[in-house]
Amino acid sequence: MIWVLQSRAEKERNPGTEPRPNPALAPVGLPPVAPETPQPTSLPAESGVASGIGRADGVLLDEVEKKLEQIERRVQSVERQLGQLSGHEAEHQNCKEKCRQLAALKEALNRHRQQQTRPDDPSVNDIQKEVQAISQWLDTLPAPLRDESTR
């Protein structure tokens with residue numbers, strides 16, 4: 001009992017180290033105590049976690065890619081329409097910027113698919129959020145443009 005109390009006291013005095021009780025005070029019949037150091041736990045490498053792919057590599061990736069292509073077609077359609085209209089230069093420039101942004105997201109998504117991501121690449125979830133934000137932006141456009149882009 002004394003040995004156990006000494007071990008606990010030693011552990012409290014030195015929280016970062018394992019107690020080294022005096023083996024001479026160990027109760028009779030117990031095996032000698034060797035300090036146990038925890039084994040390093042290596043987590044299994046989960047495919048896609050480091051690259052931000054998320055659940056079941058291809059499933060989320062395919063969904064995001066499909067949505068991205070759909071939104072990309074809509075934005076390109078709106079951009080063509082705005083290019084033909086006069087007086088909408090600000091909207092046209094904004095639309096061109098959205099097209100560039102979608103192209104960059106598409107490239108990052110392709111790198112995720114090939115598992116060759118760059119440190120500055122957004123995760124697939126972030127790409128999905130950006131595509132959703134652009135989709136919401138499309139929904140704020142005037143009705144004639146919005147209606148044409150869904151055809």
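Cut-off values and rules
- Residue numbers run consecutively from 1 along every chain, following the written order of its sequence.
- Residues qualify for local features only when their pLDDT is at least 70, as the model is predicted, and side-chain atom pairs are given and counted only at 80 or more; totals for whole chains, interfaces and linings, by contrast, use all residues.
- Only heavy atoms go into the side-chain values, all of them from the structure, while hydrogens and water stay out.
- Salt bridges, as used here, are contacts in which a Lys or Arg side-chain nitrogen is within 4 Å of a carboxyl oxygen on Asp or Glu.
- One number per residue, pLDDT, summarises how confident the predictor is, and it ranges from 0 to 100.
- Throughout, a contact is declared for two residues whenever any of their heavy atoms are within 4.5 Å.
- Nine residue types can take part in a nonpolar core, namely buried Ala, Val, Leu, Ile, Met, Phe, Trp, Tyr and Cys, and a core is a set of them joined through side-chain atoms within 4.5 Å.
- Burial here depends on accessible area, computed with a 1.4 Å probe over protein chains only, as a share of the maximum for the residue type. Under 20% is buried, over 50% is exposed, and the range in between is partly exposed.
- Helix and strand definitions follow DSSP, with helices as H or I runs of at least four residues and strands as E runs of at least two, each counted in order from the N terminus.
- What a helix should span is 1.5 Å times the count of its residues minus one.
- To obtain the arc, one takes the directions from the helix axis to the C-beta atoms.
- Here the axes come from fitting lines to C-alpha atoms, over the contacting stretch only for helices, and the angles between their N-to-C directions go from 0 to 180 degrees.
- Here the angle decides the label: under 35 degrees means roughly parallel, over 145 means roughly antiparallel, 65 to 115 means roughly perpendicular, and every other value means oblique.
- By the definition used in this description, the sense in which the near helix is turned from the far one sets the handedness, with an anticlockwise turn below a right angle giving left-handed and a clockwise turn giving right-handed.

### With respect to the pattern of salt bridges
- Counting across every chain of the model gives 6 salt bridges.
- The network of salt bridges with shared partners includes Asp62, Glu65 and Arg113.

### Side note on the confidence of the model for the chain
- Mean pLDDT over the chain stands at 76; residues scoring 70 or higher make up 66%.
- When the criterion is pLDDT under 50, residues 39-56 qualifies, and its contacts beyond four places in sequence or with other chains add up to 16 contacts.

### Section: the nonpolar core
- If you look at the biggest cluster of nonpolar residues, it comprises 22 residues, and the most contacted ones within it are Val75 and Ile127.
- If you list the elements that add at least two residues to this core, you get α2 (58-84), α3 (89-113) and α4 (124-139).
- With 8 residues, α2 is the single largest residue contributor to this core.
- For Val75, the residues in contact, after removing those within four places along its chain, are Cys95, Lys98, Cys99, Leu102, Ile134, Trp137 and Leu138.

### Regarding α4
- An ideal rise of 1.5 Å per residue puts 22 Å on 16 residues; α4 measures up with 23 Å between its terminal C-alpha atoms.
- Here α4 has its buried residues at Val124, Ile127, Val131, Ile134, Ser135, Trp137 and Leu138. The buried residues of α4 occupy an angular sector of 155° when the element is viewed end-on, so they sit on one face.

### Here's the deal with the packing of α3 against α4
- Between α3 and α4, the least distance of the axes is 10 Å, while the angle of their chain directions is 155°. Relative to α4, the element α3 lies roughly antiparallel. Relative to α4, α3 is oriented so that their crossing is left-handed. Across from Asn94, Cys95, Lys98, Gln101, Leu102, Leu105, Ala108, Leu109 and His112 in α3, the residues of α4 making contact are Val124, Ile127, Glu130, Val131, Ile134 and Trp137.

### Things to note about the environment of Asn110
- Within the fold, Asn110 resides in helix α3.
- For Asn110, a relative accessible area of 29% gives the class partly exposed.
- Sequence spacing of Asn110 and Leu61 is 49 residues, and the spatial spacing of their C-alpha atoms is 9.2 Å.

### Things to note about the environment of Val78
- As for its position among the elements, Val78 is in helix α2.
- Using a relative accessible area of 0% as the deciding quantity, one classes Val78 as buried.
- On a C-alpha basis, the gap between Val78 and Leu138 in space is 8.7 Å, while along the polypeptide they are 60 residues apart.

### Comments concerning unusual backbone geometry
- The backbone of Gln115 shows a phi angle near 55°, a positive value even though the residue is not glycine.
- For Gln115, the location among the structural elements is in the loop between α3 and α4.
- Residue classification places Gln115 among the exposed positions, given a relative accessible area of 51%.

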